[in-house]
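# Chain and residue survey
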Amino acid sequence: MSLGSVDPEMARAIASEIERQQTSLELIASENFASCAVLEAMGTPLTNKYAEGYPGRRYYGGCEYIDVVESLAIERAERLFGADHANVQPHSGSSANMAAYFAVLEPGDTILGMELSHGGHLTHGSEVNFSGQFFKFVRYGVGEQDQRIDFDQVRELARAHRPKLIQCGYTAYPRTIDFRSFGEIAREVDAILFADIAHIAGLVVAGVHPTPVGHAQIVTTTTHKTLRGPRGGLILCDAKYAPAIDRAVFPFSQGGPLEHVIAAKAVALEEASRPEFKEYAQQIVRNARAMAEAVAERGFRLVSGGTDNHLFVIDFRDRELSGLKAQRRLDRAGITTSKSTVPGERRSPWVTSGLRVGTPAITTRGMREEEMRQIAGWLADVLENLEDEELAARIREQVCELCLRFPLPYPVLA
Ligand SMILES: *Cc1c(COP(=O)(O)O)cnc(C)c1O
């Protein structure tokens, strides 16, 4: 029986969400549109199977085909990233990070990580997150002038605090990350380098951003951001850390793996190994640059002055406008963004003084520089005329028309 006949209420809610995705501009830097092949793998009876353990060493019977599925995902991840070892079971980026920390640290150990308001993630030591409760975080940040990572400060703090682990990789950092310099500093103080490439994994595999593999001993990522797979996580590591990483995922922090999602991860990894994906990643970056430049030309200040990757952050500290208000106003025009803290933040993490804008999702739709300039114009128009409801409604229409010119390939649910 189809979903529509078993549960029409739910079918309607899902159909509405698909329609929202079809008809609005997704500029949230951490979102993307998975392919129909990825969705197909995810929606299979693989969800029925318990498979605690790893290929060849399962705690349940009947895992012969599940082993094929997971082994494909592992091999593809290792090959694509050039890593010694991959664990494809983490349910999310946060779960991957939890396993990464506990694989090599004891509670109370010191981690050198980025100042959260400068672009870090919750799992990089927020006090409301397990990371901040179990580990002692010392923080580096971006320079006041150029708003880029200050490696003199990273080195100084590493020497002074001798952290067991140095964390790099961020949520809202618009510039290329110099993993080599992080690696040198980590070696000097005998720390493990941990790179969280949740946002940039797709750029990394396409060669559009330098890889942390070879510099960082442990690398985590989500699979649903620029990598464009199903929602989930992934850990890569040097051979030396493989047993500890595997134990930290199962049995330490997870039970049965989501094999239907792991199958979809494998499909996404296969897609990401193709030449078209390289072109896609290059276009993401060209699009981000084009939109950032057009927004800056309208007089908005950008964190670090621009972007090298898939996102930029507008800094409203010189305006009355907050990130929260900007996000809400843009929503009315069908432009979906996410507020963001900025370096030197004075507002709360709920309100914020910044807006993070990313191009992975709209680039998947096939939009290019011309559309970026158009969208930047709408975005600036809304932010400059916050109370103009008519303007917002007019832009909403135009957004809808643009989206229908670049449709998503998803079937419409009845
Ligand atoms: C998104 C993100 C995560 C967490 O991913 P979830 O799947 O939402 O748990 C971890 N680290 C960074 C840097 C991220 O941007």
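Residues numbered from 1 in each chain as written. Predicted model: local features only at pLDDT ≥ 70, side-chain atom pairs only at ≥ 80, totals over all residues. Heavy atoms only, no water.

## Description of the site of the ligand
Around the ligand, 14 residues are found, and the nearest of them are G93, S94, T171, D196 and K225. Here an oxygen atom of the ligand and a side-chain polar atom of S92 are 3.5 Å apart. Between an oxygen atom of the ligand and a main-chain N or O atom of G93, the distance comes to 2.9 Å. Across the complex, the protein chains shield 86% of the 380 Å² of accessible surface that the ligand would expose by itself. For the shell around the ligand, the leading source of residues is helix α5 (residues 93–104), giving three residues. Residues belonging to the shell around the ligand are distributed by class as follows: two nonpolar, ten polar and two charged. (Near = heavy atom within 4 Å. Polar contact = N/O pair within 3.5 Å; in protein donor to acceptor, adjacent residues only side chain to side chain. Areas by Shrake-Rupley, 256 points an atom, 1.4 Å probe, with all protein chains shown as cover. Helix = DSSP H or I, 4+ residues; strand = E, 2+ residues; numbered from the N terminus. Nonpolar A, V, L, I, M, F, W, Y, C, P; charged D, E, K, R; others polar.)

## Quick word on a nonpolar patch on the surface
Taken together, the side chains of L3, M10 and I14 make up a nonpolar region of the molecular surface, amounting to roughly 230 Å² of accessible area. As for its position among the elements, M10 is in helix α2 (residues 8–23). (Patch = residues over 30% accessible without salt bridge, like charges linked within 9 Å, V, L, I, M, F, W, Y side chains within 5 Å. Salt bridge = Lys/Arg side-chain N within 4 Å of Asp/Glu carboxyl O.)

## Quick word on the domain arrangement of the protein
On domain assignment, one finds that the protein holds domain 1 (39–107 + 169–272) and domain 2 (275–405). In this assembly, 18 residues from domain 1 lie in contact with 22 residues from domain 2. The contact between domain 1 and domain 2 buries some 1700 Å² in all, and 60% of this surface belongs to carbon and sulfur atoms. Looking only at domain 1, the three residues that lose the most surface to domain 2 are P174, R175 and R228, adding up to 38% of its buried area. There are one salt bridge connecting domain 1 and domain 2. The partner of R175 in a salt bridge is D308, and the shortest N-O contact between them spans 2.8 Å. Seen at the junction of domain 1 and domain 2, the total is ten residue pairs in polar contact (both at pLDDT 80 or more). (Domains from an automatic or database assignment. Contact = heavy atoms within 4.5 Å. Buried area = accessible area lost by both parts, 1.4 Å probe.)

## Concerning the side chain of D246
With respect to the secondary-structure elements, D246 resides in helix α10 (residues 242–253). No salt bridge is formed by the buried D246; the nearest opposite charge belongs to R57, separated by 4.4 Å. (Buried < 20%, exposed > 50% of the residue type's maximum accessible area, 1.4 Å probe, protein only. Lys, Arg positive; Asp, Glu negative; His and termini not counted.)

## Some points on the sheet that holds strand β8 (residues 192–196)
Taken in spatial order, the seven strands make up an open sheet running β4-β10-β9-β8-β7-β5-β6, and their pairing is mixed. Only two strands of the sheet have a single partner each, and these edge strands are β4 (85–87) and β6 (136–140). For this sheet, the mean angle separating the axes of adjacent strands, direction not counted, is 20 degrees. Across the sheet, helix α7 (residues 151–161) lies against β5 (110–114), β6 and β7 (165–168), angled at about 150 degrees from β6, the strand it touches most. The strands that α10 touches are β4, β9 (218–222) and β10 (233–237); relative to β4, the one it contacts most, it runs at about 0 degrees. (Pairing = 2+ DSSP bridges. Axes fitted to C-alpha atoms, helices over the stretch in contact; angles between N-to-C directions.)

## Examining the sheet that holds strand β14 (residues 338–340)
Judged by pairing direction, the sheet is antiparallel, and its four strands sit side by side in the order β11-β12-β15-β14 without closing on themselves. Of all the strands in the sheet, the pair left with one neighbour each is β11 (301–302) and β14. Across three bridges, the pairing between β14 and strand β15 (residues 354–358) is antiparallel. Within β15, the position partnered with S340 by the bridge is G354. The strands that helix α12 (residues 275–297) touches are β11, β12 (311–315) and β15; relative to β12, the one it contacts most, it runs at about 15 degrees.

## Observations regarding the environment of Q217
With respect to the helices and strands, Q217 occurs in the loop between α9 (201–205) and β9. For the pair Q217 and R365, spaced 148 residues apart in sequence, the C-alpha separation works out to 35 Å. For Q217, the contacting residues outside a window of four places in its chain are A191, I192, L193, L236, C237, D238 and Y241. Within the structure, Q217 has its side chain in polar contact with the backbone nitrogen of L193 (distance 2.7 Å). Here the side chain of Q217 touches H215 through a polar contact of 3.5 Å, landing on its backbone oxygen.

## Some thoughts on the pairing of β10
Burial analysis of β10 places five of its five residues in the buried class, which makes it a mostly covered element. Neither face of β10 is exposed, since G233, I235 and C237 on one face and L234 and L236 on the opposite face are all buried. Judged from the three bridges that link them, β4 and β10 form a sheet pairing that is antiparallel. Paired with N87 across the two strands is I235, which belongs to β10.

## Topic: the nonpolar core
Grouped burial of nonpolar side chains is what soluble globular proteins tend to show. Ranked by internal contacts, the top residues of the largest apolar core, which has 58 residues, are F81, Y140, I149, I166, Y170, F182 and I197. Ranked by residue count, the leading element in this core is helix α11 (residues 259–272), at seven residues. Each of domain 1 (39–107 + 169–272) and domain 2 (275–405) accounts for three or more of the residues forming this core. With residues up to four places along the chain from it excluded, the contact list for I166 reads L112, A158, F182, I185, A186, V189, A191, I192, L193 and F194. (Core = buried A, V, L, I, M, F, W, Y, C linked by side-chain atoms within 4.5 Å.)

## Examining the packing of aromatic side chains
Summed over all chains, the structure comprises 15 aromatic pairs. For the ring pair Y170 and Y173, a centre distance of 5.4 Å and an interplane angle of 65 degrees mean the geometry is edge-to-face. Each of the two residues, Y170 as well as Y173, counts as buried. Sitting above the plane of the Y280 ring, R228 keeps its charged end 4.0 Å from the centroid. Of note, R319 hangs over the ring of F300, and the distance from its end group to the ring centre comes to 4.1 Å. (Phe/Tyr/Trp six-rings, centres within 6.5 Å; stacked < 30°, edge-to-face > 60°. Lys NZ or Arg CZ within 6 Å of the ring centre and 35° of its normal.)

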